[in-house]
Amino acid sequence: MRMRKKRNLDPRMEACSSILIARGRPCLNLKKAAEEYRAVVDYGKLFENGNPVHLEVGCGNGGFVVEMAKRFPEVNFVAVEVCSNVVLTAMERVLEEGIKNVRFLNTPAEILPCYLPEKSVERLYLNFSTPLPQTSCERQRLTSKRFLEIYKLLLKEGGEIWQKTDSEPFFDYSVEQFTQNGFACGQITRDLHNSEWAKENVITEYEKNFSDKGLPIYRVVATLK
Ligand SMILES: C[S@@+](CC[C@H](N)C(=O)[O-])C[C@H]1O[C@@H](n2cnc3c(N)ncnc32)[C@H](O)[C@@H]1O
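Keep in mind that what you see is a predicted model, and the values were worked out from it rather than measured.

**Student:** Tell me about the environment of V102, residues and numbers included.
**Tutor:** Its place among the elements puts V102 in strand β4 (residues 102-106). What makes V102 buried here is the crowd of 27 C-beta atoms within 10 Å. Leave out the neighbours within four places in its chain, and V102 touches I19, V65, A69, F77, A79 and V94.

In structure tokens, the structure reads:
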């Protein structure tokens with residue numbers, strides 16, 4: 001079911017402009033935009049410090065990035081989310097709570113290189129990305145080779161992708177893609193909530209829903225070789 005547009009979406013988005021790096025698509029051709037359009041941020045100016053940068057792709061309502069930003073004030077977080085309706089909730093939470101170390105991109109992840117400097121991200125989080133099991137949708141999966149090539153541009157040497165999902169087939173697909181595309185996979189668990197990493201895990205909105213239904217959570221850390 002399609003989500004109804006939030007009331008006063010545009011003025012409310014405008015009210016969040018201090019933490020919104022960019023909104024929308026610079027042009028309809030994402031591939032062309034990613035190659036040609038450049039509005040690369042200066043993290044020093046954006047965050048007014050030189051702290052490391054972690055990126056969340058598909059942040060949804062922002063529960064994860066808000067909690068992470070509070071736990072790790074010495075890390076700068078950039079959260080990208082294509083859907084304005086949901087990223088608005090995330091941004092309003094950040095402003096309401098007075099959190100200083102999060103900025104947002106309301107754009108498709110395909111055009112991240114237009115905005116983020118090359119080799120600037122230490123860690124990238126992919127939390128409960130849509131598995132898109134149909135073969136015809138493979139390109140849209142956030143762990144397809146197409147997206148891994150984008151992440152490789154952005155990640156620092158030895159940078160990491162932390163992926164969590166409830167879908168076993170998507171998890172197996174992702175581990176295969178990471179392995180085939182220059183990443184080493186570690187910290188693999190097929191039941192994160194009953195693993196040695198459970199205590200430090202920050203639970204996302206989708207993760208809570210799946211876990212409440214008794215489903216196991218799959219997690220991998222893929223390190224760029
Ligand atoms: C299933 S939700 C998970 C939300 C959140 N990470 C969580 O765990 O609760 C996936 C989110 O990824 C976003 N998304 C999907 N493809 C994207 C893309 N190419 N660029 C940016 N965001 C994307 C969707 O709009 C959606 O909000």
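**Student:** Any details on the site of the ligand? Residues and values, ideally.
**Tutor:** Lining the immediate surroundings of the ligand are 19 residues, of which G58, G60, A109, T204 and Y206 lie closest. The dominant element in the shell around the ligand, judged by the number of residues it contributes, is helix α9 (residues 205-212), at three residues.

**Student:** Go over helix α7 (residues 145-154), please, and point to the residues and values.
**Tutor:** Given 3.6 residues per turn, any residue in an α-helix points the same way as the ones three and four places further on. Those residues of α7 that sit buried are F147, L148, Y151 and L154. On an axial view of α7, the arc spanned by its buried residues comes to 115 degrees, and they lie on one face. Seen from the buried face of α7, the exposed residues on the opposite side, beyond 90 degrees, are K145 and E149. Here the buried face of α7 lies against α6 (112-115), β5 (121-127), β6 (155-165) and α8 (168-180).

**Student:** So what's going on with the nonpolar core? Residues and values would help.
**Tutor:** If you look at the biggest cluster of nonpolar residues, it comprises 43 residues, and the most contacted ones within it are V65, V78, A79, V80, A90 and L124. No other element matches helix α5 (residues 84-96), which puts five residues into this core. What V80 contacts, discounting residues up to four positions off in sequence, is V57, C59, L105, T107, A109 and L112. Core analysis: the second largest hydrophobic core is formed by five residues, F170, F171, L192 and I217 among them.

**Student:** I'd like a description of the sheet that holds β6, backed by residues and values.
**Tutor:** By definition, the strands of a sheet pair up through backbone hydrogen bonds, in either a parallel or an antiparallel sense. Reading across the sheet, the eight strands line up as β1-β4-β3-β2-β5-β6-β8-β7 and stay open at both edges, with mixed pairing between neighbours. Looking at the sheet topology across the chains shown, the edges are occupied by β1 (20-23) and β7 (183-189). Taking the axes of each pair of neighbouring strands and ignoring which way they run, one obtains an average angle of 15 degrees across the sheet. Pairing analysis gives three bridges linking β1 to β4, with the strands arranged parallel. Directly across from A22, in β4, lies its bridge partner L105. Here α5 sits on the sheet and contacts β1, β3 (76-80) and β4; the angle it forms with β4, its principal contact strand, is near 165 degrees. Sheet strands touched by α7: β5, β6 and β8 (218-224). Its angle to β6, the strand with the most contacts, is close to 135 degrees.

**Student:** Could you give me a rundown of the environment of L224, with the residues and numbers involved?
**Tutor:** Positionally, L224 belongs in strand β8. Overall, the presence of 20 C-beta atoms within 10 Å leaves L224 in the buried class. Between the alpha carbons of L224 and G186 there is a distance of 11 Å; along the sequence they are 38 residues apart. When residues no more than four places from it in sequence are discounted, the contact partners of L224 are K152, L155, E157, G158, G159, G182 and F183.

**Student:** So what about the environment of E74? Which residues, and what values?
**Tutor:** Looking at where E74 falls in the secondary structure, it is placed in the loop between α4 (63-71) and β3. Distance from E74 to V53, taken between C-alpha atoms, is 9.5 Å for residues 21 residues apart in sequence.

**Student:** Pulling in residues and values, what's your account of the pairing of β3?
**Tutor:** Most of β3 is tucked away, with five of its five residues classed as buried. Burial of the side chains of β3 extends over both faces: N76, V78 and V80 are buried on one face and F77 and A79 on the other. Here strand β2 (residues 53-57) runs beside β3; their pairing, made up of five bridges, is parallel. Note that in β3 the partner of V53 across the bridge is N76. Handedness of the crossover joining β2 and β3 through α4: right-handed. Relative to β4, β3 runs parallel, the two sharing four bridges.

What counts as what
- Numbering of residues starts from 1 in each chain and follows the order in which that chain's sequence is written.
- Reporting of local features is limited, given that this is a predicted model, to residues whose pLDDT is at least 70; pairs of side-chain atoms are given and counted only at 80 or more, and all residues count toward the totals for whole chains, interfaces and linings.
- We count a stretch as a helix when DSSP gives it H or I for four or more residues in a row; a strand needs E for two or more, and each element gets its number in order from the N terminus.
- Burial is judged by counting other C-beta atoms within 10 Å of a residue's own C-beta: 20 or more means buried, 12 or fewer means exposed, and anything between counts as partly exposed, with every C-beta placed from the backbone.
- It is the C-beta atoms, placed from the backbone, that decide contacts: two residues are in contact if theirs lie within 7 Å.
- For each residue, a C-beta position is placed from the backbone atoms; the residue is near a molecule or strand when that point lies within 6 Å of it.
- Comment: arc refers to directions from the helix axis out to C-beta atoms.
- As used here, a nonpolar core is made of buried Ala, Val, Leu, Ile, Met, Phe, Trp, Tyr and Cys residues. They are joined through C-beta atoms within 7 Å.
- Should DSSP find at least two bridges between two strands, the strands are taken to pair.
- The convention used is that axes are lines fitted to C-alpha atoms, helices contributing only their stretch in contact, and that angles between N-to-C directions extend from 0 to 180 degrees.
- A crossover counts as right-handed when, viewed with the strands pointing away from the observer, the path leading from the first strand over the helix to the second turns clockwise.

On their own, these measurements won't tell you what the molecule is for.
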